[in-house]
Amino acid sequence: MGKLGGFLQIERHGIAYRDPSERAHDYQEFVVERPEAELRDQGARCMDCGVPFCHNGCPLGNLIPDWNDLVYRDRWREAIAQLHATNNFPDFTGRLCPAPCEAACVLEIREGDSVTIKQIEHAIVDRAFREGWIKPEPPKRETGQSVAVVGSGPAGMAAAQQLRRIGHAVTLFERDEAAGGLVRFGVPDFKISKTVVERRVQQLIAEGVELRCGVDVGTDIGVQELRERFDAVVLATGSRVPRDLSVPGRELGGVHFAMDYLYQRNRFVASEYGPEPSVPAPSAAASVVGEPISAAGKHVVVIGGGDTGADCVGNSLREGALSIVQLELLPEPPEHRPDARTPWPEWPLKYRLSYAMEEARTAAVGEQDYSVTTTHFSGDAGGNVAALHIAEAAPAPPFAPVPGTERELPAQLVLLAMGFLHPEQGLLDQLGVEKDPRGNVKAVKPYTTSVAGVFAAGDARRGQSLIVWAINEGRQCARMVDRYLAGLRNGSAPLSHDEGIAGHAGADEGPEGPPEHVGPGVPAG
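Below or above, wherever it landed, is the structure these notes cover. These numbers were taken from a predicted model, which means no experiment stands behind them.

### Points about the sheet that holds strand E13 (residues 385-392)
- One open sheet accounts for three strands, arranged E12-E13-E14; its pairing is antiparallel. Every interior strand has two partners, whereas the edge strands, strand E12 (372-379) and strand E14 (407-410), have only one. Along the sheet, successive strands turn relative to each other by an average axial angle of 30°, direction set aside.

### Quick notes on the pattern of salt bridges
- Tallying each qualifying case throughout the model produces 39 salt bridges.
- Between Arg 175 and Glu 424 there is a salt bridge; the shortest N-O distance is 2.8 Å. Of this pair, Arg 175 sits in the loop between strand E4 (169-174) and helix H11 (182-185) while Glu 424 sits in the loop between strand E16 (420-422) and helix H17 (425-431), and the two are 249 residues apart along the sequence.
- Its relative accessible area of 35% is what places Glu 424 among the partly exposed residues.
- Here the salt bridges share partners, and the residues they tie into one network are Glu 29, Asp 91, Arg 95, Asp 126, Arg 199 and Arg 200.

### Focus on the packing of aromatic side chains
- Evaluation of the coordinates by the stated rule reveals 12 aromatic pairs.
- With centroids separated by 5.0 Å and ring planes inclined at 15°, the aromatic side chains of Phe 185 and Tyr 263 adopt a geometry described as stacked. Note that Phe 185 is positioned in helix H11 and Tyr 263 in helix H14 (residues 258-273), a separation of 78 residues in sequence.
- What links up through ring pairs into an aromatic cluster is the set Tyr 17, Tyr 27, Phe 30, Phe 190, Phe 268, Tyr 273 and Tyr 355.

### A short note on helix H6 (residues 76-84)
- Here H6 has its buried residues at Trp 76, Ala 79, Ile 80 and Leu 83. Mapping the buried residues of H6 onto a view down its axis gives an arc of 95°, with all of them on the same face.
- Where the residues of H6 are buried, they touch helix H3 (36-44), helix H5 (64-72), helix H7 (90-96) and helix H9 (117-131).

### Looking at helix H10 (residues 154-166)
- An ideal rise of 1.5 Å per residue puts 18 Å on 13 residues; H10 measures up with 18 Å between its terminal C-alpha atoms.
- With 10 of its 13 residues buried, H10 lies for the most part within the structure.
- Of the residues making up H10, those classed as buried are Pro 154, Ala 155, Gly 156, Met 157, Ala 158, Ala 159, Ala 160, Gln 161, Leu 163 and Arg 164.
- Just beyond H10, the residue with positive phi is Gly 167, at close to 125°.

### Overview of the environment of Gly 151
- Structurally, Gly 151 is set in the loop between strand E3 (146-150) and H10.
- Judged by relative accessible area, Gly 151 falls into the buried class, the value being 11%.
- Note: C-alpha distance between Gly 151 and Lys 442 (291 residues apart in sequence) is 17 Å.

### Observations regarding the environment of Asp 307
- Considering the arrangement of structural elements, one finds Asp 307 in helix H15 (residues 307-319).
- Placed 82 residues apart in sequence, Asp 307 and His 389 show a C-alpha to C-alpha distance of 24 Å.

### Regarding the pairing of E3
- Summarising burial for E3: five of the five residues are buried, a large majority.
- The two faces of E3 match: Ser 146, Ala 148 and Val 150 on one face and Val 147 and Val 149 on the other face are all buried.
- Of the strand pairs in this sheet, E3 and E4 are connected by five bridges, and their pairing is parallel. The residue bridging Ser 146 from the neighbouring strand is Ala 169, located in E4.
- Of the crossover connections in this fold, the one passing from E3 over H10 to the parallel E4 is right-handed.
- Of the strand pairs in this sheet, E3 and strand E6 (residues 232-235) are connected by four bridges, and their pairing is parallel. Directly across from Val 147, in E6, lies its bridge partner Ala 232.

### Digging into unusual backbone geometry
- The omega torsion across Gly 274 and Pro 275 is -5°, close enough to zero to call that bond cis.
- Structurally, Pro 275 can be placed in the loop between H14 and strand E9 (299-303).
- The amide bond that connects Trp 344 to the next residue, Pro 345, takes the cis arrangement and shows omega of 5°.
- Looking at the secondary structure, you find Pro 345 in the loop between strand E10 (323-327) and helix H16 (355-362).

### Considerations on the environment of Ala 232
- Within the secondary structure, Ala 232 sits in strand E6.
- A relative accessible area of 1% means that Ala 232 is categorised as buried.
- Between the C-alpha atom of Ala 232 and that of Gly 309, which follows or precedes it by 77 residues, the distance is 37 Å.
- Residues in contact with Ala 232, not counting those within four places in the same chain, are Ser 146, Val 147, Ala 148, Gly 453, Phe 455, Val 481, Tyr 484 and Leu 485.

### Quick notes on the sheet that holds E10
- The strand order across the open sheet built from five strands is E8-E15-E9-E10-E11, with neighbouring strands paired in parallel fashion. The two strands at the open ends of the sheet, each matched to only one other strand, are strand E8 (255-257) and strand E11 (366-369). Across this sheet, the average inter-strand angle for adjacent strands is 20°, counted without regard to direction.
- Pairing of E9 with strand E15 (residues 413-416), which is carried by four bridges, proceeds in the parallel orientation. Bridge pairing links Val 300 to Leu 413 in E15.
- Contacts between H15 and the sheet are confined to E9, E10 and E15, with E10 contributing the most and set at about 175° to the helix.

### Some points on the side chain of Asp 176
- Residue placement: Asp 176 occurs in the loop between E4 and H11.
- The residues touching Asp 176, leaving out its near neighbours within four places in the chain, are Phe 185, Cys 213, Gly 214, Tyr 263, Arg 267 and Pro 282.

### What about the packing of H5 against H6?
- Here H5 crosses H6 at 170°, and the two axes come no closer than 8 Å. Taken as axis vectors, H5 and H6 run roughly antiparallel relative to one another. With respect to the hand of their crossing, H5 and H6 are arranged in left-handed fashion. Contact with H5, carried on its side by Asp 66, Trp 67, Leu 70 and Val 71, involves Trp 76, Glu 78, Ala 79, Gln 82 and Leu 83 of H6 and no other residues of that element.
- Residue composition of the contact of H5 with H6, by class: six nonpolar, one polar and two charged.

### What about the nonpolar core?
- One finds Ile 124, Val 234 and Val 481 to be the most contacted residues of the largest nonpolar core, which totals 63 residues.
- The leading source of residues in this core is helix H19 (residues 467-490), at 10 residues.
- Other than its neighbours up to four places away in sequence, Val 234 contacts Val 147, Ala 148, Val 149, Val 150, Ala 159, Leu 163, Phe 455, Cys 477 and Val 481.
- Counting residues in hydrophobic clusters, the runner-up holds 31 residues, among them Tyr 261, Ile 293, Tyr 355 and Ala 417.

How each quantity is defined
- Residues numbered from 1 in each chain as written.
- Predicted model: local features only at pLDDT ≥ 70, side-chain atom pairs only at ≥ 80, totals over all residues.
- Heavy atoms only, no water.
- Pairing = 2+ DSSP bridges.
- Helix = DSSP H or I, 4+ residues; strand = E, 2+ residues; numbered from the N terminus.
- Axes fitted to C-alpha atoms, helices over the stretch in contact; angles between N-to-C directions.
- Salt bridge = Lys/Arg side-chain N within 4 Å of Asp/Glu carboxyl O.
- Buried < 20%, exposed > 50% of the residue type's maximum accessible area, 1.4 Å probe, protein only.
- Phe/Tyr/Trp six-rings, centres within 6.5 Å; stacked < 30°, edge-to-face > 60°.
- Arc of directions from axis to C-beta.
- Contact = heavy atoms within 4.5 Å.
- Expected span 1.5 Å × (residues − 1).
- Right-handed = clockwise from strand over helix to strand, strands pointing away.
- Parallel < 35°, antiparallel > 145°, perpendicular 65-115°, else oblique.
- Left-handed = near helix turned anticlockwise from the far one by under 90°.
- Nonpolar A, V, L, I, M, F, W, Y, C, P; charged D, E, K, R; others polar.
- Core = buried A, V, L, I, M, F, W, Y, C linked by side-chain atoms within 4.5 Å.

Keep in mind that these numbers describe shape and distance, not what the molecule does.
Below you can see the structure in the form of structure tokens.
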């Protein structure tokens, strides 16, 4: 364990951030890594509990007390080995995961006192890359079998890496111009530099994964050809159909889905600062929304209070928006953990100031409102949005507008960041896989679809969720694919019903982390 009694003697020091007035003018990562001596002290606070509830909070089952102790003892190389034992991409999760493990830490029984697990994870993997400890791990033998992984987000990348290291020939298909999924094109560089994503992509390539960017499976390559060329197929296409807002005026110019805007901003940053994409951007990318989306010099309204909405706020601020208002349909959460609703070790439904709203308020252009419903949009003579008409929302579904509370917000750009419904249906229909009532791929056995040899992982299977769930699903799906291929290879029945092989009997059980309307925000420090 860490230092005996360390949690009583050492004060918690959370993640450090660059000053909001400084960072809002660039696209560099805003997290500041603490000196190693401080990180060792933070690792010393871990009590190595007899029942480590942090495991309950982490879908990956990360060996958190183990690597906390190794950091405390200055054994960093062993720490990265323990970290990689359960997590292919701790450099992703150490930057983007909201850290439900910290909410479940036993020290968090005293709110705000948990071990700083996330920043220790971040520091371990970044030091490991600096020291050259992380190297490609190609397989020692080849199985002679092949797998197509469709979608290169965290789930697809994890599945591809696991399957390749076993010895299968893996082709990773991505319709965009570079791998990484929404980590590449949805999340801004100031949260995760795309060089961090690209170094993992290059690791996959060095291990022997064939990466085919700019290929839209189902269009550029047919499903029949896919099934004939590969022994198994993994669907990791994500949950990409956005929730729309069906109110009068939705058709006006200047009302866009958040992801259309974020894709454009990430492509802009890549063109200015790199890294260069693997292939040119798809020709359809520029025409998806008709013309470039810009927040510069505009009054911007972001509808949706989660991470995607916060990323829209952060990008709009950096573009030079005149004002940014972020609206949330649900009531404002309480300042502290409401024990009656979300007792420890559950994820606490409490207010968190997002990094982006902190920046916008510092610049005196940001406003965040709760319990607000949109009634309609109104436009100008050119057919573009000019104002958003809103009202106070009732506190319970269907969150109807409260009479007498109507007001108007000026808006020349409205970004809809209200979450995602399900995967795009075209490829699923072509493959003929069964779907659940929400439109996700239905798993008839763990990670196994209704079509023999076709598997599913990540948001495409479970719905919109956390990055840690995506990586976990990719890893466990790879185990099921390998079992299936071993059965084909050995001439036995391809996969008996063994739920335990997926890591746990209930593949959907476990912590969901924050709900869609509450982002991780900026910790108090």
